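This is what each chain is made of:
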Amino acid sequence: MTNFLFPTEYYISTYAIDFEKYYNLGYRAIIFDIDNTLVPHDAMHDERSRELFRKLSDLGFKIAFVSNNNQNRVEEFNKEVGGYIIYKAGKPHSSGFINAMKSMGSTRENTLFIGDQLFTDIWGANNAHLHSILVKPIDKKEEIQIVLKRYLEYPILKLYLRKHRLKGC
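Our subject in this report is the structure included herewith. (Residues numbered from 1 in each chain as written. Predicted model: local features only at pLDDT ≥ 70, side-chain atom pairs only at ≥ 80, totals over all residues. Heavy atoms only, no water.)

### Side note on the sheet that holds strand β1 (residues 9-11)
Judged by pairing direction, the sheet is parallel, and its six strands sit side by side in the order β1-β6-β5-β2-β3-β4 without closing on themselves. Both outer strands of the open sheet, β1 and β4 (84-86), are each paired with one neighbouring strand and no more. Averaged over all adjacent pairs, the angle separating strand axes in this sheet is 20°, with direction ignored. Pairing geometry for strand β3 (residues 62-66) and β4, over three bridges, is parallel. What sits directly across from A64, in β4, is Y84. Where helix α2 (residues 47-59) meets the sheet, it contacts β2 (29-32) and β3, and its direction lies at approximately 155° from that of β2. Helix-sheet contacts for helix α4 (residues 95-104) involve β2, β3, β4 and β5 (111-115), and the interaxial angle to β3 is about 155°. (Pairing = 2+ DSSP bridges. Helix = DSSP H or I, 4+ residues; strand = E, 2+ residues; numbered from the N terminus. Axes fitted to C-alpha atoms, helices over the stretch in contact; angles between N-to-C directions. Contact = heavy atoms within 4.5 Å.)

Following this line, the structure appears as structure tokens:
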């Protein structure tokens, strides 16, 4: 019943993912959510995110950001990366993910998605039939509507964790 909300994998952090492993498995593109997936909500790049995007570039990954946030936020965050952007994406609808793949010239089979929310990020990536990776949110400080969604996510996440184990611990 809740499998559409289950990620393909779950990691403690975006920064615990072995991206070289995924490249070796044939993945060539990554779609990221931004807020609380890569940096705290509304924050800009830090040294850790800069290093991650240098590494991903060196490996040869194409990058896109699919966010429900506004154009200014997504464009500003993308300036240092030079990836593709979809803002006000309407997640969990699949169109933002599909448009990002079209922009990158990638397919469902060679694209990963990484995000921190079940009801927007993972549901949307699963709607687009992507390999979806859920990560723990970076910061506990979130907007009230996200905090409320976290309460709803908790039992689903607990059910998921009974069947799978958290990676990168």
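### Some points on unusual backbone geometry
Here the bond from K91 into P92 is cis, since omega is 25°, no more than 30 degrees from zero. With respect to the element layout, P92 can be found in the loop between β4 and α4. Positive phi, close to 65°, is recorded for D42, a residue that is not glycine. Mapped onto the fold, D42 is located in the loop between β2 and α2. Residue classification places D42 among the partly exposed positions, given a relative accessible area of 47%. Positive phi, normally seen in glycine, also occurs at H129, with a value near 60°. Looking at the element boundaries, H129 is found in the loop between α5 (118-127) and β6 (131-135). Since its relative accessible area comes to 56%, H129 is described here as exposed. (Buried < 20%, exposed > 50% of the residue type's maximum accessible area, 1.4 Å probe, protein only.)

Function-wise, these values are silent; they only describe arrangement.
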